[in-house]
Amino acid sequence: MTFENNPPIFSTDEELIKSLQQNNAHKRRAEEELFNRYAYFIKDGMNRYSLPEEEAFDAYSDTILQTIDNINRNLFEKRSSLKTYLYRIFNNKCVDLIRKKTTNKNSIHQTSSISDMLLMIADSAKTVIQQLIEKTDLDILKNKMKELGENCRNLLAMFADGYNDKEIAALMEYKTADVVKTSRLRCLDKLRQLYNNKKD
Amino acid sequence: MDNMEYIDDFFKGLPTDEQKQQFEQRIINDISFAEEVAFYVSATGAIKEQLTQEKKMQFRRIYKEQQKVIPITKQPVKKIVRYLAAASLVATVLLSTWLLSGDKTTPAQLANQYIQQNFQTLNVTMSGRQDSLQSGLILFNSGNLKDALVRFENIIKKDPANYLANKYAGIISLRLEYYDKALEYFTVMEADTTLFSNHGKFYKAVTLLKRNENGDKESAKMLLIEVKEHEMEGSKKAAEWLKVLNK
């Protein structure tokens, strides 16, 4: 293993996009590079829309996270430069903030990941699941996550970040993708037990 | 567990129409299965949301660090003309101030800039071998600084002179502003004379500049002079900084 302190240079959009799509040790750095590259939008949001710095920062960080998500799901079609694409999303988010349409900014990603999964199910079954999800106490669930061990938390977080079992096995100390899958599902099962015990 | 695997396979894969129908029928006819599906979907959403929050926190840290080093100055093109007159006035005032009082770059600013550029994420080039150093680096790069530090400190307990573990533990301690710890780790790192390349002395200077307590600037300067004169790792930066610090 070698170790470098100097970050890799993503000089073009293409290089940056490629790094964001690859689930390896460079991914997090590419995300931070994307954040850094256009961080001056925050100031722009403050000037153009008279937003407080905190709200402009939220709009910008949500923009970055949405863009990363879109790139990973191949929704960024490269019809414009990355900067133009980001700026459009950022402006929309600033306008949403002003119009008070965004009532809970932090729930954007959760909503999209849940609704994405439910898209796979027909309406009759979807309604059953939606009703059950509404009964779930997300605060308790999040608190219970803290009681999981460090390995479990990392495993579940990497999976949620889009890494597949094979990629997780390559990055963490697991022999095979099957071992990762078994461990991951055990962690999820443990979380369910913790959640159910607390509820009872 | 069996149901969990079935549910996991369903959402990860590309189920056929027949598999979809079977899955949906089980949801409708078997309430305990439906509860497991709902839990899987809720938990996945909650984990993703938590991850999103962690990433936002990391962005916030980066943004705050940037603000300390270089306040954002880029303006939208349309507003440039409006600010041009004011900017030239400010520039004149700043230039006069600089000419009268010299460069005001503080030791902590130099250190902050270096930390921002070099210690935000640490790059791992993978080999086939998986070890604790590597998992510590993964934790560091995912923003879990405290967990990463514990990982490297465990390695140091077993192998106190481990150069890389001391180096990473020092860097993380510096990021967490545990300056005394950072200095200890970099001292161990510096003591390793078997290596051709050793940043230990230079990193100690960075730590002292960042801490910037009484006498730290002078101690850092002495270290930087040594680094420069003996052409150690960081000598170019040391020469650059000495010019600034001697103003």
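Residues numbered from 1 in each chain as written. Chains lettered and ligands numbered in written order. Predicted model: local features only at pLDDT ≥ 70, side-chain atom pairs only at ≥ 80, totals over all residues.

(A) Molecular detail of the overall build of chain B. Along its length, chain B carries 12 helices and 1 strand. Secondary structure elements in chain B, listed N-terminal to C-terminal, are α-α-α-α-α-β-α-α-α-α-α-α-α. Within chain B, buried positions represent 32% of all 247 residues. Excluding contacts between residues fewer than 6 apart, the proportion of contacts in chain B whose partners are at least 24 apart in sequence is 48%. (Helix = DSSP H or I, 4+ residues; strand = E, 2+ residues; numbered from the N terminus. Buried ≥ 20, exposed ≤ 12 C-beta atoms within 10 Å, placed from the backbone. Contact = placed C-beta atoms within 7 Å.)

(B) Geometry of the overall build of chain A. Of the regular secondary structure elements, chain A holds 11 helices and 1 strand. Counting from the amino terminus, chain A carries its helices and strands in the arrangement β-α-α-α-α-α-α-α-α-α-α-α. Residues classed as buried in chain A amount to 34% of the 200 residues present. Nonlocal contacts in chain A, meaning residues at least 24 apart in sequence, comprise 53% of its contacts between residues at least 6 apart.

(C) Representation of the nonpolar core within the structure. Of all hydrophobic cores here, the largest spans 67 residues; its most connected members are I168 of chain A together with A43, I172 and A205 of chain B. In terms of residues, this core owes the most to one element, helix α3 (residues 31-69) of chain B, which gives 9 residues. Excluding residues that lie within four positions of it along the chain, I172 of chain B makes contacts with F140, L145, A148, L149 and F152 of chain B. (Core = buried A, V, L, I, M, F, W, Y, C linked by C-beta atoms within 7 Å.)

(D) Main features of the packing of helix α7 (residues 145-158) of chain B against helix α8 (residues 163-175) of chain B. Residue and element names in this part refer to chain B. Two elements in contact, α7 and α8, have axes whose closest approach is 9 Å; the angle formed by their N-to-C orientations is 150°. It follows from the interaxial angle that α7 and α8 lie roughly antiparallel. In this structure, α7 crosses over α8, and the sense of that crossing is left-handed. Residues L145, A148, L149, F152, E153, I155 and I156 of α7 lie in contact with α8, whose contacting residues are A165, N166, Y168, A169, I172, S173 and R175. Counted by class, the contact of α7 with α8 contains 10 nonpolar, 2 polar and 2 charged residues. (Axes fitted to C-alpha atoms, helices over the stretch in contact; angles between N-to-C directions. Parallel < 35°, antiparallel > 145°, perpendicular 65-115°, else oblique. Left-handed = near helix turned anticlockwise from the far one by under 90°. Nonpolar A, V, L, I, M, F, W, Y, C, P; charged D, E, K, R; others polar.)

(E) Examining the environment of L141 of chain A more closely. Mapped onto the fold, L141 of chain A is located in helix α8 (residues 138-147). Looking at L141 of chain A, the number of C-beta atoms within 10 Å reads 22, which means it is buried. As for L141 of chain A and R192 of chain A, which are separated by 51 residues in sequence, their C-alpha atoms are 8.5 Å apart. For L141 of chain A, the contacting residues outside a window of four places in its chain are T136 and Y195 of chain A together with S42, A43 and A46 of chain B.

(F) Local environment of helix α9 (residues 150-160) of chain A. All of the buried residues in α9 of chain A are N154, L155, L156, M158, F159 and A160 of chain A. Positive phi appears at G162 of chain A, one or two residues downstream of α9 of chain A, with a value of about 100°.

(G) Structural context of unusual backbone geometry. Positioned with a positive phi, S50 of chain A is a non-glycine residue whose angle comes to about 55°. Overall, S50 of chain A belongs to the exposed group, with 11 C-beta atoms counted inside 10 Å. Although it is not a glycine, N212 of chain B adopts a positive phi angle of roughly 55°. As for its position among the elements, N212 of chain B is in the loop between α10 (200-211) and α11 (216-229).

(H) Representation of the packing of α11 of chain B against helix α12 (residues 235-245) of chain B within the structure. Residue and element names in this part refer to chain B. At a minimum axis separation of 8 Å, α11 and α12 run at an interaxial angle of 140°. One element, α11, and the other, α12, form an angle in the oblique class. Relative to α12, the crossing made by α11 is left-handed. Every residue of α12 that contacts α11 at K217, K221, L224, I225, V227 and K228 is listed here: S235, A238, A239, W241, L242 and L245. Taken together, the residues of the contact of α11 with α12 break down into 8 nonpolar, 1 polar and 3 charged.

(I) Representation of the confidence of the model for chain B within the structure. Across chain B, the average pLDDT comes to 82, with 84% of residues at or above 70. Across the interface, the model reports ipTM at 0.81; the global pTM reads 0.55. (pLDDT = per-residue confidence, 0-100.)

(J) Just the confidence of the model for chain A, in detail. Residue and element names in this part refer to chain A. Overall, the prediction assigns chain A a mean pLDDT of 83, with 86% of residues at 70 or greater. Element-level pLDDT for chain A is lowest in strand β1 (residues 2-4), with a mean of 36, against a maximum mean of 92 in helix α4 (residues 53-72). Considering only residues more than four positions removed or in separate chains, one finds that residues 101-111, a stretch of pLDDT under 50, has 15 contacts.

(K) Spatial organisation of the environment of F11 of chain B. With respect to the secondary-structure elements, F11 of chain B resides in helix α1 (residues 2-12). Given 17 C-beta atoms within a 10 Å radius, F11 of chain B is considered partly exposed. Placed 26 residues apart in sequence, F11 of chain B and V37 of chain B show a C-alpha to C-alpha distance of 9.9 Å. Discounting residues that sit within four places of it in the chain, F11 of chain B has contacts with M117 and M120 of chain A.

(L) Main features of the environment of I27 of chain B. Position of I27 of chain B relative to the elements: it lies in helix α2 (residues 17-29). Sequence spacing of I27 of chain B and A38 of chain B is 11 residues, and the spatial spacing of their C-alpha atoms is 9.6 Å. When sequence neighbours within four positions are dropped, the list of residues in contact with I27 of chain B reads A125, V128 and I129 of chain A together with F33, A34 and V37 of chain B.

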